[in-house]
Amino acid sequence: MSPTNSHPQHAAVVTGASSGIGEATARTLAAAGWKVFAVARRADRLAKLAHETGAIPVAADVTDDAQVAALLAAVGAAGGIDTLINIAGGARGADYLAEAKNEDWEFMLQANVMGTMKITRAFLPMLRAHGEGTVLNLTSTAGLVSYEGGSGYNAAKAAQRALTQALRLEEVEHNIRVIEVLPGLVHTEEFALRRMGGDRELAQKAYAGVAKPLTAGDVADIISYAVNVPHHVNLDEIVVRPVAQAAAHKLIRGQA
Ligand code: 8X3
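Definitions and cut-offs
Residues numbered from 1 in each chain as written. Predicted model: local features only at pLDDT ≥ 70, side-chain atom pairs only at ≥ 80, totals over all residues. Heavy atoms only, no water. Helix = DSSP H or I, 4+ residues; strand = E, 2+ residues; numbered from the N terminus. Rg over C-alpha atoms; globule rule 2.2 N^0.38 Å. Buried < 20%, exposed > 50% of the residue type's maximum accessible area, 1.4 Å probe, protein only. Contact = heavy atoms within 4.5 Å. Lys, Arg positive; Asp, Glu negative; His and termini not counted. Charge placed at Lys NZ, Arg CZ, Asp CG, Glu CD. Salt bridge = Lys/Arg side-chain N within 4 Å of Asp/Glu carboxyl O. Polar contact = N/O pair within 3.5 Å; in protein donor to acceptor, adjacent residues only side chain to side chain. Core = buried A, V, L, I, M, F, W, Y, C linked by side-chain atoms within 4.5 Å. Near = heavy atom within 4 Å. Areas by Shrake-Rupley, 256 points an atom, 1.4 Å probe, with all protein chains shown as cover. Nonpolar A, V, L, I, M, F, W, Y, C, P; charged D, E, K, R; others polar. Expected span 1.5 Å × (residues − 1).

> Account for the overall build of the protein chain, naming residues and giving values.
Secondary structure assignment for the protein chain yields eight helices and eleven strands. A compact globule built from 256 residues would reach a C-alpha radius of gyration of about 18 Å, and the protein chain, at 18 Å, matches this within 12%. Across its three principal directions, the C-alpha atoms of the protein chain cover 55 × 40 × 35 Å. Out of the 256 residues in the protein chain, the part that is buried amounts to 48%. Nonlocal contacts in the protein chain, meaning residues at least 24 apart in sequence, comprise 70% of its contacts between residues at least 6 apart. Separation between the mean location of the 23 positive side-chain charges and that of the 26 negative ones in the protein chain comes to 4 Å.

Structure follows, in structure tokens:
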């Protein structure tokens, strides 16, 4: 879909752009002609992405106030954005609450909840001023239904979902569209690996026997569709799972 005449080129900040769904989204939007500011902590991975796609790399930690302020200034100086895509986040640990580790919970609440809040708070004035702003938050089906071993991640994603819903109500007067994308099982390079503390065997178990989990590209295509439809169209909540995952508790696994 082509951008409107009044705003010839869409421009987005995509956080979490160093891997997985964030990287795939940055690639997809850049290929579609968007100006993309690719944001993540790992500058080396961003540099490769920038080289390959033309995205503008900005290394920043979304939970750090000073780095968020610097990001806002850099984006403003380079022409600003109309779309903010919050993908930075993730899971740490699969312990039952009885064994919950403070550091895992701290990470999940900081990255998924505080990071989304800080980045969004910073960019709202720019999005309001644009007149047709969009915020897209990547939450998860983990925010809809909890499961054993998920308490910290369930809590973080439910909180991120809650703030997304409040934001939609608060910003409608400023014509800001707020989209929530809630994926189920997505096989990415790092999600399960990070969740399992770098244990490749445990990480693989998440996808064992599942013939076709979602890919990062599947989700990026959906995100791209949602931000490319005309601005008055709001796909406000998009739940996407692989067919094999009829529900969080019902995942069909073949022979692993
Ligand atoms: C991750 C989806 O199925 O691991 O956001 O809860 S799941």
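> Requested: an account of the side chain of D82, with residues and values cited.
Of note, D82 is situated in the loop between helix 3 (65-77) and strand 4 (83-86). Of the buried charged residues, D82 lacks a salt bridge, with R177 as the closest side chain of opposite charge at 6.4 Å. Of the polar contacts made by the side chain of D82, one reaches the side chain of H10; its length is 2.9 Å. One polar contact links the side chain of D82 to the main-chain amide nitrogen of A11, over a distance of 2.7 Å. Beyond its immediate chain neighbours, meaning those up to four positions away, D82 contacts Q9, H10, A11, L127, H130, E132, G133 and T134.

> Help me get a handle on the nonpolar core, residues and values and all.
Judged by nonpolar contacts, the single largest core of 31 residues is most densely connected at I85, V181 and I223. Mapped by element, the contributors of at least two residues to this core are strand 1 (11-15), helix 1 (20-31), strand 2 (35-40), helix 2 (43-53), strand 5 (134-138), strand 6 (177-183), helix 8 (216-228) and strand 9 (237-240). In terms of residue count, helix 8 provides more of this core than any other element does, six residues in total. Those residues in contact with V181 that lie beyond four places of it in its chain are L136, N137, L138, T139, S140, V219, I223, I238 and V240. Membership of the second largest hydrophobic core comes to 23 residues, among which are A60, I81, V135 and L167.

> An account of the site of the ligand is needed here, citing residue identities and associated values.
Around the ligand, the neighbouring residues are S140, A142, Y147, Y153, G184, F191, R195 and Q245. Within the side chain of Y147, a nitrogen or oxygen atom sits 2.6 Å from an oxygen atom of the ligand. Notes on the ligand: free accessible area 250 Å², of which the protein chains cover 85%. Here the shell around the ligand is built from residues that sort into four nonpolar, three polar and one charged.

> Lay out helix 5 (residues 151-171) with the relevant residues and their values.
Taking 1.5 Å as the rise per residue, helix 5 with 21 residues should run 30 Å; its terminal C-alpha atoms sit 30 Å apart, in good agreement. Along helix 5, the positions that sit buried rather than exposed are G152, Y153, N154, A156, K157, Q160, R161, T164, L167, R168 and E171. Elements in contact with the buried residues of helix 5: helix 4 (102-130), strand 5, strand 6, helix 6 (191-195) and strand 9.

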